[in-house]
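# Coordinate inspection notes
Given next are the chains, with one letter for each unit.
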Amino acid sequence: MSFSKELVVIDNLSDDNPEAASVRLNAMRHSGKHFSEPDKWYIRLLTIKINDKMFVKQKDAVEATKVLRYFEKNDAGRKILSQAYYYVGSAYRDMNDMPMALEYYHKAKDEYGEHADKLSSALDFQIGMLLYEQSFYQSALPYFRSVFKTDSVRRDTAMMAYTLQKIAYAYQAQGSDSCLAYYRQALKISSEKRDTNLYNEMLSSMSSYYLCNGEYDKAKNLALPVVSTAGEDNPSLDSFYDVLALSYFRLGRCDSARCYFTKLYHTNTAEAKKEASKYLAKIYREEGDITAALDFILQYEEYDDSLKKNNVETSIARMNAMYNYSKSLLSR
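Here's a quick rundown of the structure. All of these numbers come straight from a predicted model, not from anything done at the bench. (Residues numbered from 1 in each chain as written. Predicted model: local features only at pLDDT ≥ 70, side-chain atom pairs only at ≥ 80, totals over all residues. Heavy atoms only, no water.)

## A closer look at the side chain of S247
Using the following cut-off: Secondary structure is summarised from DSSP: a helix means a run of H or I of at least four residues, a strand means a run of E of at least two, and numbering begins at the N terminus for each. Between buried and exposed lies partly exposed: a residue is buried under 20% and exposed over 50% of the maximum accessible area for its type, with that area taken using a 1.4 Å probe on protein chains only. In what follows, a contact means two residues having at least one pair of non-hydrogen atoms within 4.5 Å.
Along the polypeptide, S247 turns up in helix α13 (residues 238–250). Using a relative accessible area of 0% as the deciding quantity, one classes S247 as buried. Residues within four places of S247 in sequence aside, it is in contact with L211, Y216, A219 and K220.

## Quick notes on the environment of F35
For F35, the position within the fold is in the loop between α2 (18–29) and α3 (37–53). A residue is classified by how much of its surface remains accessible, and F35, at 10% relative accessible area, is buried. For the pair formed by F35 and C179, sequence separation is 144 residues and the distance between their alpha carbons is 52 Å. Here F35 is in contact with M28, R29, K40 and I43, once residues within four sequence places are set aside.

## Here's the deal with the pattern of salt bridges
A side chain of one charge can pair with a side chain of the opposite charge if their charged atoms are brought near each other. To keep things clear, this is the line we draw: The rule for a salt bridge is simple: a side-chain nitrogen of Lys or Arg has to be within 4 Å of a carboxyl oxygen of Asp or Glu.
One pass over the full model with this rule turns up 20 salt bridges. Note that E6 and R24 form a salt bridge whose closest N and O atoms lie 3.0 Å from each other. Here E6, found in helix α1 (residues 5–16), pairs with R24, found in helix α2; they are 18 residues apart in sequence, far enough to count as distant. Take E6: its relative accessible area is 29%, and that puts it in the partly exposed class. Several salt bridges share partner residues, and in doing so they unite D11, D15, K49 and K53 into one network.

## Quick notes on helix α14 (residues 254–265)
Worth spelling out the cut-off: An expected span of 1.5 Å times one less than the residue number is assigned to each helix. In this description, the arc belongs to the directions extending from the helix axis to the C-beta atoms.
Over its 12 residues, α14 extends 16 Å from the first C-alpha to the last, a length consistent with the 16 Å expected when each residue adds 1.5 Å. Residues A257, Y260, F261, L264 and Y265 constitute the buried set of α14. Burial along α14 is one-sided: seen end-on, the buried residues are contained in an arc of 145 degrees.

## Description of the packing of aromatic side chains
What counts is decided by this rule: Each aromatic pair joins two rings of Phe, Tyr and Trp (for Trp, the six-membered one) with centres within 6.5 Å, and gets the label stacked for planes under 30 degrees apart, edge-to-face for over 60, and tilted for any other angle. Geometrically, a charge over a ring is one whose NZ (Lys) or CZ (Arg) sits within 6 Å of the ring centre while staying within 35 degrees of the ring normal.
Scanning the entire structure with this criterion turns up 22 aromatic pairs. For the ring pair F249 and F261, a centre distance of 6.3 Å and an interplane angle of 75 degrees mean the geometry is edge-to-face. Of the two residues, F249 is situated in helix α13 and F261 in helix α14; the sequence distance between them amounts to 12 residues. Taking the relative accessible area as the measure of exposure, F249 reaches 19% and is therefore buried. Aromatic ring contacts, followed pair by pair, group Y132, Y137, Y169, Y183, Y209 and Y210 into a single cluster. The ring of W41 is capped by R44, whose NZ or CZ atom sits 4.2 Å from the centre of that ring. The lysine or arginine in question, K107, covers the ring of Y104, its NZ or CZ lying 4.6 Å from the ring centre.

No statement about biological role is implied by the geometric values presented.
See the structure below:
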């Protein structure tokens, strides 16, 4: 099976610049050009891939499965078929159906084999993340290490840093001090890359580790320089506000804690507003400002109810997915 060279170019472009790939694909789709049957299905696969790269979630697995079935029945080539499996897995991931997502990611991995390229890295990363998110921390580690090895060959330093961060998370979740070495290595790589946003994200992870470990002075000393040099409306500061607010609160410095909890409250996430409301209520109550304390208690309860509802819906979706997956295994 052969495909248009332009579509192959768009496929490659979508790995690093999905926005540009989307523009080119739309232009090609509306050009009036006649497409062969394989090209029509390739366009459908690329549409799914580009949307995924642009963080547009799939609502179901219908379209991705149709594309997969076509390429399964035809000699599409190993990489195209592996991508088709991958995006069925991603559809199930978006639906919170983790068992089915893992099954299709493994099918993609089995089909594709071992290669030092972006698809192999993405497959291992997705499998590692799904295992990590289900608290299978030790099982996730070999996949993260494989990603790091692949991306070291590819010299993708950003992914190397992110993967070291995930390895650190897995060790930290198991209560192992080994995580600190990986946080430091991630910080070193991001510093050498001279990418401020990447470096700050790794620094945020390390400062959060110190916070969780009760080392409040170390946590705030990492966070303060970032906050003092960045603009107030920088969304990447949210995690640093959180670290500083909690560190000062634990150290008994409530004036400084109130300052940073207030900044955290004015960020855009419900989780941040919930946490800030909880602690601002405590601070104002201790200071005797009952009116302000009650106001923040009410806001805390409002954000808490909203987040609980979302979490319950996600948990139900995952439990239903696990039940359906178990039934399907018994019927095979």
